[in-house]
Amino acid sequence: MKKKVGFVGWRGLVGSVLLERMILKDDIYKFNIKFFTTSQVGHNGPKINNKKFGILENAYDLQKLTEMDIILTCQGSKYTEKVYFNLRKLGWKGFWVDASSHLRVNDNSIIVLDPINYNFIMKSIEGGCKTFVGGNCTVSLMLMALGGLFSKNLIKKIFVSTYQAVSGAGSYYIKNLLLEMGILHKSVKNDLYKNNISILKIENIISSLLKSKKNVGIFNNIPIAGNLIPWIDSDNLDGNSKEEIKGEFETNKILNLNKLKHKIIVDSLCVRVSTFRCHSQSLLIKLNKNMNISEIKDILMNHNKWVKIIQNDKLNTITNLTPAMVSRTLNILVGRIRKSNFGNKYINLFSIGDQLLWGASEPLRRMIKILIKL
C-alpha cells in the first residue's frame, strides 16, 4: 500500500522547487500525496500532468494531519513551532520531514544529507527516529563538496567565508534585487551612452543613490545590488551571527560527531551577495596529514557523482567556476584547489552549489524516497 504524504508549504520558494523535482523524477506517483494549505483551505489543489490532486486541506487541522504517514513541510519555522509538538502530543507516530531550522537543534531530530550520512540516517530510523530536517544551505553544500575528505576523517578544522545568494532569504528578495538593479540602471541610463561623460560622474550617481537608500534597500533598508552585506541572520551577541554558528554545530551533527571529543572545528564568516540562487564558499582547511593536490582531487571527485573539479587556472576558473554555470543543476563545483602558505597540512579551495537544490530541496526529496521504501 502506498504511503500517505501530506505536503505543506509547496507554493513557497523551496517548496515549489521541491515539487518541481518530485514531478521531474516521477516521485509524486510513488505515494498518495495530499496538499495542505495555511491560507486557501477548500480551494482546488495543483493539477500536475493533467491529474488533479484534490481539495486543499487545512494545514492546522491536527486530526487531518494525523492521517498522514509522512508530513513534508516547507512552510517555515513558525508553522513547525505551532504544529509539530501538538501533533506529537496527540500520539501521531508518523515521519516529519522539515525544511525549516526550528528542529535542527532538537536531540530527537536528524539533519539529512544522504550522500554524506546515509548510514547514520538508516541507523536512526532503525532506532525509532521519526523527525528528519534539512540542514543549513551552506553547511549542506560544503559537506557535499568535501564529502570525500570527511568520509576519510582527513579534516581537522575549517575556516569558511560564504558568499550567499539572495534566494537564501526568500523569493521576495530575488524580485527586489531585480527591482534595485532596474532603479540603479534608470538613474544613469541617459548618461551611459554619452561619450563625453566621465565614468566617475556615473559612479558618483550610483554611490549617492545607494547611500541615500532611496527606493533601494531590501535588507533592513540596506541595498544589495552593487553592494554586499557581511552579516546574515540574527545577532548571537558574541560577535557571530546566528548563520555563522550553524556551521560547526550542523557539520558535526550531520556527521554524528557532536557527542565526541574529536569534533571538527568550523569557523564561518557569512556574507550576502547579489547573486540569485547559488552560494559560493572560500575554504581554508587544515588536514590531519600532508597530502598532495592530485590525491586530494581524486578523493573529492570520487566521493559522489555531483562534485565537478575545476582546473586551477585562470581560464577554467573564470569560465566554469561561477554561480551562472551551476545554477539550476545538482553539480557541486570545486576549484582553486591549492596548498596554503600556512603549512603543508593546509589547503585552499572554492566551491559553488545551487542553494535551492542541494542547499534546500534535494536532501528532503531523497529523504522522502528513503521513507516510502520502508
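Everything quoted here is computed from the prediction, not taken from an experiment.

### Describing the sheet that holds strand S15 (residues 346-354)
Here's step 1: Sheet architecture is open: 6 strands sit in the order S11-S10-S12-S15-S14-S13, paired in mixed fashion. Every other strand in the sheet has two partners, leaving strand S11 (265-272) and strand S13 (307-309) as the edge strands with one partner each. Here the average twist between neighbouring strands, direction ignored, is 20 degrees.
Here's step 2: Two elements, strand S10 (residues 155-164) and strand S12 (residues 278-287), share 8 bridges in a ladder whose sense is antiparallel. Its bridge partner lying in S12, Ile-155 is registered against Leu-287.
Here's step 3: Together, S10 and S11 form the strand contacts of helix H9 (residues 242-254), whose direction differs from that of S11 by roughly 145 degrees.

### Brief notes about the packing of aromatic side chains
Here's step 1: Summed over all chains, the structure comprises 13 aromatic pairs.
Here's step 2: Plain terms: the ring middles of Phe-35 and Phe-53 are 5.9 Å apart, the flat faces sit at 90 degrees to each other, and that makes the pair edge-to-face. Within this pair, whereas Phe-35 is found in strand S2 (residues 32-37), its partner Phe-53 is found in the loop between strand S4 (51-52) and strand S5 (57-58), the two being separated by 18 residues in sequence. Phe-53 shares its class with Phe-35; the two are buried.
Here's step 3: Centroid distance Phe-95 to Phe-132: 6.3 Å. Interplanar angle 40 degrees. Geometry classified as tilted. With Phe-95 in strand S7 (residues 95-98) and Phe-132 in strand S9 (residues 131-134), this pair connects stretches of sequence that are 37 residues apart.
Here's step 4: The class for Phe-95 is buried, based on a relative accessible area of 10%.

### Some remarks on a nonpolar patch on the surface
Here's step 1: Side chains of Leu-178, Met-181 and Phe-276 sit close together on the surface and give an oily, nonpolar patch of about 250 Å² of accessible area.
Here's step 2: By secondary structure assignment, the location of Met-181 is in helix H7 (residues 171-192).

### Quick word on the packing of helix H5 (residues 137-145) against H9
Here's step 1: Where H5 meets H9, the closest approach of the two axes is 9 Å, and the angle between their N-to-C directions is 50 degrees. Classified by the interaxial angle, the pair formed by H5 and H9 is oblique. Here the hand of the crossing between H5 and H9 comes out right-handed. Contacts between H5 and H9 involve Cys-137, Thr-138, Val-139, Met-142 and Leu-143 from the first element and Glu-243, Lys-246, Gly-247, Glu-250, Thr-251 and Ile-254 from the second.

### Quick word on unusual backbone geometry
Here's step 1: Phi angles above zero are rare outside glycine, and Asp-233 is one such case at about 80 degrees.
Here's step 2: If you trace the backbone, Asp-233 turns up in the loop between helix H8 (199-212) and H9.
Here's step 3: What makes Asp-233 partly exposed here is its relative accessible area of 40%.
Here's step 4: A positive phi angle, near 60 degrees, is found at Asn-256, a position not held by glycine.
Here's step 5: What makes Asn-256 partly exposed here is its relative accessible area of 42%.

### Re the layout of surface pockets
Here's step 1: Considering only enclosed or pocket space, the largest pocket measures out at about 1000 Å³ in volume.
Here's step 2: The wall of the largest pocket is formed by 36 residues, among which Ser-167, Gly-168, Ala-169, Gly-170 and Gln-355 lie closest to the centre.
Here's step 3: Of all the elements in the fold, those that place two or more residues in the lining of the largest pocket are helix H1 (13-24), H7, H9 and helix H13 (357-372).
Here's step 4: Residues belonging to the lining of the largest pocket are distributed by class as follows: 13 nonpolar, 17 polar and 6 charged.
Here's step 5: Here the second largest pocket is characterised by a volume of approximately 460 Å³.
Here's step 6: Phe-150, Ser-151, Asn-153, Leu-255 and Leu-257 are the residues nearest the centre of the second largest pocket, which is lined by 23 residues in total.
Here's step 7: Listed by contribution, the elements that provide at least two residues to the lining of the second largest pocket are helix H4 (114-126), helix H6 (147-151) and S10.

### Thoughts on the packing of H4 against H13
Here's step 1: Following both chains from N to C, one finds H4 and H13 inclined at 40 degrees, their axes separated by 12 Å at the closest point. Considering their axes alone, H4 and H13 lie oblique with respect to each other. Between H4 and H13 the crossing geometry is right-handed. Together, Asp-114, Pro-115, Tyr-118, Ile-121, Met-122 and Ile-125 of H4 and Trp-358, Arg-366, Met-367, Ile-370 and Leu-371 of H13 make up the contact between the two elements.

### Re the sheet that holds strand S8 (residues 109-112)
Here's step 1: A sheet is described by the order of its strands in space; here 7 strands give the open sequence S5-S2-S1-S6-S7-S9-S8, paired in parallel fashion. On the outer flanks of this sheet lie S5 and S8, each paired with one strand and no other.
Here's step 2: With 3 bridges joining them, S7 and S9 adopt parallel strand pairing. The residue bridging Val-97 from the neighbouring strand is Phe-132, located in S9.
Here's step 3: The strands touched by H1 within the sheet are strand S1 (4-8), S2 and strand S6 (70-73), with S1 carrying the most contacts at an inclination of about 145 degrees.

Rules and cut-offs
- Residues numbered from 1 in each chain as written.
- Predicted model: local features only at pLDDT ≥ 70, side-chain atom pairs only at ≥ 80, totals over all residues.
- Heavy atoms only, no water.
- Pairing = 2+ DSSP bridges.
- Helix = DSSP H or I, 4+ residues; strand = E, 2+ residues; numbered from the N terminus.
- Axes fitted to C-alpha atoms, helices over the stretch in contact; angles between N-to-C directions.
- Contact = heavy atoms within 4.5 Å.
- Phe/Tyr/Trp six-rings, centres within 6.5 Å; stacked < 30°, edge-to-face > 60°.
- Buried < 20%, exposed > 50% of the residue type's maximum accessible area, 1.4 Å probe, protein only.
- Patch = residues over 30% accessible without salt bridge, like charges linked within 9 Å, V, L, I, M, F, W, Y side chains within 5 Å.
- Areas by Shrake-Rupley, 256 points an atom, 1.4 Å probe, with all protein chains shown as cover.
- Salt bridge = Lys/Arg side-chain N within 4 Å of Asp/Glu carboxyl O.
- Parallel < 35°, antiparallel > 145°, perpendicular 65-115°, else oblique.
- Left-handed = near helix turned anticlockwise from the far one by under 90°.
- 1 Å grid on protein atoms, 1.4 Å probe; cavity = no way out; pocket = protein on both sides within 12 Å on 5 of 7 lines; lining within 4 Å.
- Points joined across faces, edges and corners; volume = space filled by probe spheres on them.
- Nonpolar A, V, L, I, M, F, W, Y, C, P; charged D, E, K, R; others polar.

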